[in-house]
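Coordinates in review
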Amino acid sequence: MGESQAMVAEGYNASAATVESNVVDSSQSVTNVSLVNGTGPEGGGSAAPVENGNATENVPVTAPGAGHVDNADSALSPEEERLWSIVRANSSEFNAWTALIEETERIAQDNIAKIRKVYDAFLAEFPLCYGYWKKYADHEARVGAMDKVVEVYERAVLGVTYSVDIWLHYCVFAINTYGDPDTIRSLFERALVYVGTDFLVSPLWDKYIEYEHMQQAWSRLAMIYTRILENPIQNIDRYFSNFKELAETRPLSELRSAEESETVAVASDASETAPSESDGKADEGKSLADGTSEPSKLESAGSTDPEEMKKFIGVREAMYIKAKEFESKIIGFEMAIRRPYFHVRPLNVAELENWHNYLDFIESDGDFNKVVKLYERCLVACANYPEYWIRYVLSMGASGSMDLADNALARATQVFVKRQPEIHLFAARLKEQKGDIAGARAAFQLLHSEISPGLLEAVIKHANMEQRLGNLDDAFSVYEQVIAVEKGKENSILLPLLYAQYSRFSYLVLRDAEKARKIIVEALDHVQPSKHFMEALIFFETILPPPRKIEYLDPLVENLIKPNVDTQNTPSSTEREEISLIYIEFLDLFGDVETIKKAEDRHCKLFLPHRSRSELRKRSADEFLSSDRTKLAKTYNDTTPAQPVSNAYPNAPAQWSGGYAAQPQAWPQPQAAPAQPQQWNPAYGQQQAAYGAYGGYPAGYAAPQAPTPVPQAAAYGAYPAQAYPAAATAPVAAPVQQPAAAAPQAYYNTYY
């Protein structure tokens, strides 16, 4: 068995192939033109979307010419330079990447190293785009680098393990390349470990059936149908019909495997010596009714071939009926999935909600294998949504599968949603709960430095964590460091809120009112009062012990609510009126008659004259006969409702699209069972390090154990270890490498 053939059968091994080579043997040639022309069978499955890389538009296969070039550093066209500059500044710019790939393919021609460079960089950033993995493999096939084709496919099934399409393309490649049936069957079995129960797996099963039919391996074909009929997949009616046709056209001796035939023979011998044949038939009938026995055991009775064939079909029919029953429960969820593949475009709300409902149902069913596999399917289509990663982590944690929870969290924070603050806030809290304080601090530091510098929620949560740990100096230092950075910015919007929160935090923790007020006084020297700052300041005075500093607050409020054309960032009229009402509410609780009268008179003078005439005309005659005091009260009721003092600060505008705080903290606990999501190989990280500074996968994961369902070792590697490149602006900045905390775990240690 050749080196690449062994890789196909057993999975990727870093020692079996060189990751990056600058020389390709020009004597290698494509021996089968149909090598890369295999596409999914008609019907079933989902079509490959153009935006995901149209895998059906294969690169023409030609033998490599004598002038084959392998230089990634050749001169770039002006358009290539422009596009490279865009993706280097913002590596998440998907459209720029696809334009760069098209331009490179147009310019590069036989320069395979140049093509490798752009594909390696793009697929490190978007590993779920199975169509681009297929196009990459086509390019390697075009220059005759068969070992490289296998390497690309192996990397592809690491990056998007739960894609039926990429496994299908890989199997087609193997069928057209290798003559050894065991190698091809081994690859099919590797694929079916992960996607064999996917509702849309029909194209892969169809290709497997087609291959075994060509081999005339009737017993294997019957076993494939048996496995299919156990699961509620698309087109299961067609598979059952095809199985019955097979059973009608082939003798039972050809449909049974050698093991089944031996078992039947032994069971028949045993039945002849049984004391009561009727008792044996009764027991067998009971087994057939509940469908719990193995097929080989269920077929052991009967004295004539037609009777045995009837039982042979009956066992599969019982499986089919059971699968159809479960299909009726999930078909609504499956039909609502309009985009089962990955893309950067957002999903619609209905489809997102459908995934949540589907997960709820499968979790309530209690089959742990189904739970894990559905989460992995979901996280292909919903890879850009932190809420599903958070839910997966919580679900695995609730079931006691902490290794799976850690693996999902690592993939989320280091690859798929690594630029979204929500997942890092969740990771920090989870690590703190597990006692990994260094890891929690690293998550916060990544937020402060790279992901979202100045994110108020990150500052508050980090300081609160240090306070919980008893590190008051570190807690205050968190605020002071961020305040120092914001002071250097012109017209910082965050700075007033930081001062207000720091002052409140200081008082609530130390109960030192003077220190808290000192922070506010310092703030007034560096910030221009704003609506949100004044709300926080008024709320702060409500929690301080008497006497309240009304004489200190009043001029600040007056300066803010009076229109001033010379002041930058002047609050709007609505905001100024709201502040005035909040202050009046505060005085009504803590002020005296004189201060209340002063504030109310000022409010009437500033805001009542600006009421529209149409609004005044709508008032009834009775209102004009009421007292001035009643009119004033009516004015307050007609205005925009004032924000309660107790909620003043928390209603400051959110700085990022959240949802983390609203995430439920537990999900229904499924039953523990051997299961396993996507595999990652430790060698993969070493390979990808050579592919440029666009990676983002964690390295150092231990090699997985051999799978039990299939004979080969389906090793699936880790993501390449790579420092996150710095970016020009915070919203698009890629994260820097986190400080080392807990030792990373093997991605998945067991198989389904």
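Here the structure is a predicted model, which is why all the values come from computation and not from measurement.

Put simply, the protein chain has an average pLDDT of 74, and 65% of its residues get 70 or more. Ignoring residues within four places in sequence, the model shows residues 679–752, a span with pLDDT below 50, making 229 contacts including any to other chains.

With that settled, consider the state of the cysteines. Enumeration according to the criterion identifies 0 disulfides in this entry. Not part of a disulfide, C382 finds its nearest cysteine sulfur in C378, a span of 3.9 Å. Judged by relative accessible area, which is 0%, C382 ranks as buried.

Turning next to the side chain of H462. Summarising the element assignment, H462 is placed in helix α23 (residues 456–468). H462 gets classed as buried once you look at its relative accessible area, which sits at 8%. Among residues more than four places away in sequence, those in contact with H462 are R441, F444, H448 and V478.

Counted at 1.5 Å a residue, the expected span for helix α8 (residues 181–195) with its 15 residues is 21 Å, and the 21 Å between its end C-alpha atoms agrees. Of all 15 residues in α8, 13 are buried; the element is thus mostly enclosed.

Our focus in this paragraph is the packing of helix α11 (residues 236–249) against helix α16 (residues 305–335). Interaxial distance between α11 and α16 falls to 11 Å at its minimum, and their mutual angle equals 180°. Judged by the angle between their axes, α11 and α16 are roughly antiparallel. Contact with α11, carried on its side by I236, D237, F240, F243, K244 and A247, involves M309, F312, I313, R316, E317, Y320, A323, K324 and E327 of α16 and no other residues of that element. Each residue belonging to the contact of α11 with α16 can be placed in one class, and the counts come to 9 nonpolar, no polar and 6 charged.

Attention shifts here to the nonpolar core. W167 and L204 are the most contacted members of the largest nonpolar core, which has 129 residues in total. In this structure, A536, I538, I582 and F586 belong to the second largest nonpolar core, which totals 48 residues.

As a further point, take the packing of aromatic side chains. For the structure on display, the rule yields 33 aromatic pairs. Ring geometry for Y153 and Y170: centres 5.0 Å apart, planes at 10°, overall stacked. With Y153 in helix α6 (residues 146–159) and Y170 in helix α7 (residues 164–177), this pair connects stretches of sequence that are 17 residues apart. Judged by relative accessible area, Y153 falls into the buried class, the value being 2%. The class for Y170 is buried, based on a relative accessible area of 0%. When the ring of F333 is compared with that of Y358, the centres are 4.9 Å apart and the planes differ by 10°; the resulting orientation is stacked. Taken together, the positions of F333 in helix α16 and Y358 in helix α17 (residues 349–365) put the pair 25 residues apart, joining distant regions of the chain. Of the two residues, F333 and Y358, both sit in the buried class. Among the aromatic residues, those joined into a cluster by ring pairs are Y153, Y162, W167, Y170, F173, Y178 and Y194. The ring of F312 is capped by R316, whose NZ or CZ atom sits 3.9 Å from the centre of that ring.

Position of N231 relative to the elements: it lies in the loop between α10 (218–228) and α11. On the accessibility criterion, N231 (18% relative accessible area) is buried. In contact with N231, not counting residues within four places along its chain, are T197, I236 and A323.

Criteria and cut-off values
- Residues numbered from 1 in each chain as written.
- Predicted model: local features only at pLDDT ≥ 70, side-chain atom pairs only at ≥ 80, totals over all residues.
- Heavy atoms only, no water.
- pLDDT = per-residue confidence, 0-100.
- Contact = heavy atoms within 4.5 Å.
- Disulfide = S-S within 2.5 Å.
- Buried < 20%, exposed > 50% of the residue type's maximum accessible area, 1.4 Å probe, protein only.
- Helix = DSSP H or I, 4+ residues; strand = E, 2+ residues; numbered from the N terminus.
- Expected span 1.5 Å × (residues − 1).
- Axes fitted to C-alpha atoms, helices over the stretch in contact; angles between N-to-C directions.
- Parallel < 35°, antiparallel > 145°, perpendicular 65-115°, else oblique.
- Nonpolar A, V, L, I, M, F, W, Y, C, P; charged D, E, K, R; others polar.
- Core = buried A, V, L, I, M, F, W, Y, C linked by side-chain atoms within 4.5 Å.
- Phe/Tyr/Trp six-rings, centres within 6.5 Å; stacked < 30°, edge-to-face > 60°.
- Lys NZ or Arg CZ within 6 Å of the ring centre and 35° of its normal.

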